[in-house]
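Commentary on secondary and tertiary structure
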Amino acid sequence: MKIILNADVKHLGEEGDVKVVANGYARNYLFPRNLAVPYNDMTVAYFESRRAEIEARKEEKRKDAASVKDKLEALVIEIVMPAGANGKLYGAVTNQTLSDELYKAGFEIERKRIEIPGLAIKSVGKYHALVRLYETAQAQIQFSVISQQDAEAAAAKAAAESASAESGAQAETPAAAEDSASAE
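Residues numbered from 1 in each chain as written. Predicted model: local features only at pLDDT ≥ 70, side-chain atom pairs only at ≥ 80, totals over all residues. Heavy atoms only, no water.

**Comments concerning the sheet that holds strand 1 (residues 2-5)**
Read from one edge of the open sheet, three strands run 2-1-3, paired in antiparallel fashion. The open sheet has two edge strands with one neighbour each: strand 2 (18-20) and strand 3 (36-38). Shown here is a sheet whose adjacent strand axes are inclined to one another by a mean of 40°, direction ignored. Bridge count for strand 1 against strand 3 is three bridges, and the pairing is antiparallel. What sits directly across from I4, in strand 3, is V37. Here helix 2 (residues 41-49) sits on the sheet in contact with strand 1 and strand 3, set at roughly 25° to strand 1. (Pairing = 2+ DSSP bridges. Helix = DSSP H or I, 4+ residues; strand = E, 2+ residues; numbered from the N terminus. Axes fitted to C-alpha atoms, helices over the stretch in contact; angles between N-to-C directions. Contact = heavy atoms within 4.5 Å.)

Laid out in structure tokens, this is it:
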């Protein structure tokens, strides 16, 4: 059955698209939910009159995708995973893992839109992934996979450096007090 979509339908198309679908899918799902209308002369004329409005919405989506692309390409993600001494992960970094990390960073991107080379990452290192945004817009994101032991060691080192910096600042304070006392 030939239909015209009345709204964006996931995995089918966008508003105004003409599609051919199974009769039962159209009658039992799309038509009752007002997601599509049958393809005929009257509905074609109606959608031709709304073409400018539909194109304006699509242009807005393109602009949003371009701004998200810029933000994603500027973002560098660090994923901490348990790994062995040789750098081989005990699990794997998949597009779902990357989608979860992007969600934590404030981006809601479906895992199906993320393409990781080789489908999964199984060792520590720096990698790139491709995120399909809207139509032909794609973003190349950078991420690094770090072993849990390395992340804990880096955190302990940073804590030790901040503690030594604080004790160094406290050590300078009495010396400065002695200098000011001797200057008087």
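**Regarding the packing of aromatic side chains**
The final tally for this structure, using the stated rule, is three aromatic pairs. Both rings, one in Y25 and one in Y29, keep their centres 5.5 Å apart while their planes meet at 5°; by these two values the pair is stacked. With Y25 and Y29 both in helix 1 (residues 23-30) and four residues apart, the pair spans about one turn of that helix. On the accessibility criterion, Y25 (31% relative accessible area) is partly exposed. Looking at Y29, the relative accessible area reads 33%, which means it is partly exposed. Ring plane angle 80° and centroid distance 5.4 Å describe the contact between Y46 and F47, whose orientation is recorded as edge-to-face. For F47, a relative accessible area of 4% corresponds to the buried category. (Phe/Tyr/Trp six-rings, centres within 6.5 Å; stacked < 30°, edge-to-face > 60°. Buried < 20%, exposed > 50% of the residue type's maximum accessible area, 1.4 Å probe, protein only.)

**Observations regarding the confidence of the model for the chain**
Per-residue confidence for the chain averages 79 on the pLDDT scale, and 85% of its residues sit at or above 70. Averaged pLDDT values for the elements of the chain fall to 62 in helix 5 (residues 148-183) and rise to 91 in helix 1. (pLDDT = per-residue confidence, 0-100.)

**Examining the environment of G24**
Take G24: it is sitting in helix 1. Here G24 falls in the partly exposed class, since its relative accessible area comes to 26%. Distance from G24 to M1, taken between C-alpha atoms, is 9.1 Å for residues 23 residues apart in sequence.

**Quick notes on the environment of Q149**
Relative to the helices and strands, Q149 is located in helix 5. Take Q149: its relative accessible area is 43%, and that puts it in the partly exposed class. Separated by 65 residues in the primary sequence, Q149 and G84 place their C-alpha atoms 9.0 Å from one another.

**Let's talk about the pattern of salt bridges**
This model, assessed by the stated rule, comprises 12 salt bridges. The salt bridge involving E48 is made with R51; its shortest N-O contact spans 3.1 Å. The partly exposed category is assigned to R51, whose relative accessible area is 34%. Within the structure, one salt-bridge network assembled from shared partners comprises E15, R50, E53 and R57. (Salt bridge = Lys/Arg side-chain N within 4 Å of Asp/Glu carboxyl O.)

**What about the pairing of strand 1?**
Looking at chain direction, strand 1 and strand 2 are connected through three bridges and run antiparallel. Along strand 2, the bridge assignment pairs I3 with K19.

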